[in-house]
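Single-letter residue listing:
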Amino acid sequence: MQERGGKNLKEKMLEKISHLKSLYNGPIQDKKTRKEIFEETGKILLYPTEMSYEIEKEGYLIPKGKCNRQIYFDFYEFQKTDAQTIKLLETYELGKAVEYMIKKELQLTEQASLEDFEVEFKQEFNGSDVIVSGKKDVVLKDGTIIEVKSTKDSEAGLRMLAEGPYPVHYAQVGMYLAECKMNGIDANLLLWYKGKINLTDVIHELQLSDDGFLICNGKTLTKYNFESSLRRLFAIEKAIKEKVIPPRDFPIATPENVNDLYNLGIVTTTTKNKIERSGQAELLWECTECEYRSLCQASDENN
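In this report, the structure presented in the accompanying data block is examined. Note that the coordinates shown come from a computational prediction; the quantities given were computed from them, not determined experimentally. (Residues numbered from 1 in each chain as written. Predicted model: local features only at pLDDT ≥ 70, side-chain atom pairs only at ≥ 80, totals over all residues. Heavy atoms only, no water.)

**Let's talk about the overall build of the chain**
Under the convention used in this document: Only DSSP runs of H or I covering at least 4 residues are called helices, and only runs of E covering at least 2 are called strands; the numbering of each starts at the N terminus. Relative accessibility under 20% of the residue-type maximum defines a buried residue, over 50% an exposed one, and the middle range a partly exposed one, all with a 1.4 Å probe and only protein chains included.
A count of helical and extended segments in the chain gives 12 helices and 10 strands. The 303 residues of the chain split such that 43% are buried.

So, in structure tokens, the structure goes:
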């Protein structure tokens, strides 16, 4: 999409990044790392975006969301071994621009003001040293939470989103709703997806049931339960305290295991066919852009 003056929509969106950062993030301040806080206080700070959960299929637990091994490497400040691609960095920047556009829209229509953006979030758990701490994108005056996500608005992607949110986002929004539930509030959350190219909007309304299941547009999402997120959270707490690198969450697909992974729904038909043709192993999509790929592989070889 090209406009007069030679700038296309993508370039205009990227220009908004610096304004977004100054408007919502404030000045950059020196602060202690999570590792330093843990060494001084014994408290383990995790972010809502690091939440994950597991689904069980044929006796196999399939993780969804952030990899616990990656969280461990981040927490202990391991040296990143693999650079992110330019394409991924550009995707992040476009995503930030899209988030800015939604927040600006809410502000201009007087549905939200600056104090409603980047609302502090903190949740602790009985018997645990974990503190999940971060910021909710938007909290409206009536208590409705808005979590903004940019997305690739391809035809296939929009078809998938029409059926419900991406599963990798369940645990983050589940944590926000669980925090409200623990404080006696039955909150609503709007998960607002906006396309990066055509600016298509897809919005899902979510609540958390009393037994920990997400309810999306009135339908219960039985594959997610908050208890599963807690198990994953306490597993990474144990690994951090014991300084033991967690096991790999996402297996490497090989000619030997690809059929099993395909039957479990872990690899796609495209990946399965590619491996069978080439005879070569493939990383799952969750690992292809990870900055610890080489370190992760070395950790497997050393254990």
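**Quick notes on the environment of Thr81**
Convention followed: Whether two residues are in contact is decided by their heavy atoms: any pair within 4.5 Å suffices.
Its location among the elements puts Thr81 in the loop between helix H4 (68-75) and helix H5 (86-108). Thr81 sits 209 residues away from Cys290 along the chain, and the two C-alpha atoms are 9.2 Å apart. Leave out the neighbours within four places in its chain, and Thr81 touches Glu291, Tyr292, Arg293, Ser294 and Leu295.

**Describing the state of the cysteines**
Selection criterion: Note on terminology: disulfide denotes any pair of cysteine sulfur atoms within 2.5 Å.
Following the criterion strictly, the structure yields 0 disulfides and no others. No disulfide involves Cys67; its sulfur sits 6.2 Å from the nearest other cysteine sulfur, which is in Cys296. Note on Cys290: no disulfide assigned, nearest cysteine sulfur contributed by Cys287 at a separation of 6.7 Å. For Cys290, a relative accessible area of 15% puts it in the buried group.

**Quick look at the pattern of salt bridges**
Convention followed: Throughout this description, the term salt bridge denotes a Lys or Arg side-chain nitrogen within 4 Å of a carboxyl oxygen of Asp or Glu.
Under the counting rule described, the total for this entry stands at 22 salt bridges. Note that Glu242 is salt-bridged to Lys238, the shortest N-O span being 3.2 Å. Pair noted here: Glu242 and Lys238 are both in helix H8 (residues 226-242), with a separation of 4 residues, about one helical turn. Here the salt bridges share partners, and the residues they tie into one network are Lys43, Asp129, Glu237 and Lys241.

**Brief notes about the packing of H4 against H8**
Selection criterion: In this analysis, axes come from line fits to C-alpha atoms, helices being fitted only over the stretch in contact, and the angle between any two N-to-C directions falls in the range 0 to 180 degrees. Convention used here: angles under 35 degrees read as roughly parallel, angles over 145 as roughly antiparallel, angles from 65 to 115 as roughly perpendicular, and any remaining angle as oblique. Handedness of a crossing follows from how the near helix is turned relative to the far one, being left-handed for an anticlockwise turn of less than a right angle and right-handed for a clockwise one.
Here H4 crosses H8 at 40°, and the two axes come no closer than 10 Å. One way to sum up the angle between H4 and H8 is to call them oblique. Where H4 crosses over H8, the handedness of that crossing is right-handed. Contacts between H4 and H8 involve Asn68, Ile71, Tyr72 and Phe75 from the first element and Arg232, Ala235, Ile236, Ala239 and Ile240 from the second.

**Comments concerning the pairing of strand S5 (residues 130-139)**
Basically, it comes down to this: Think of it this way: DSSP has to see at least two bridges between two strands before they count as a pair.
Most of S5 sits out of view: 9 of its 10 residues are buried. Where strand S1 (residues 44-46) lies against S5, 3 bridges are found, and the strand directions are parallel. What sits directly across from Leu46, in S5, is Val132. For strand S4 (residues 117-124) and S5, the ladder comprises 7 bridges, and the chain directions are antiparallel. In the sheet register, Gln123 faces S5, and the bridge partner there is Val132. Remark: 5 residues form the turn of the hairpin made by S4 and S5, two consecutive strands paired antiparallel; Gly127 in that turn has positive phi of roughly 75°. As defined by bridge partners, S5 adjoins strand S6 (residues 145-151) across 2 bridges and the pair is classed as antiparallel.

**Considering unusual backbone geometry**
Residues other than glycine predominantly adopt negative phi, and peptide bonds predominantly adopt the trans conformation. Although it is not a glycine, Glu118 adopts a positive phi angle of roughly 50°. With respect to the secondary-structure elements, Glu118 resides in strand S4. Classification of Glu118 as buried rests on a relative accessible area of 19%. Of note in this structure, Lys243 is not a glycine but carries a positive phi near 55°.

**A word on the environment of Ala83**
Its place among the elements puts Ala83 in the loop between H4 and H5. You can call Ala83 exposed: its relative accessible area is 64%. Separated by 208 residues in sequence, Ala83 and Glu291 have C-alpha atoms that sit 5.8 Å apart.

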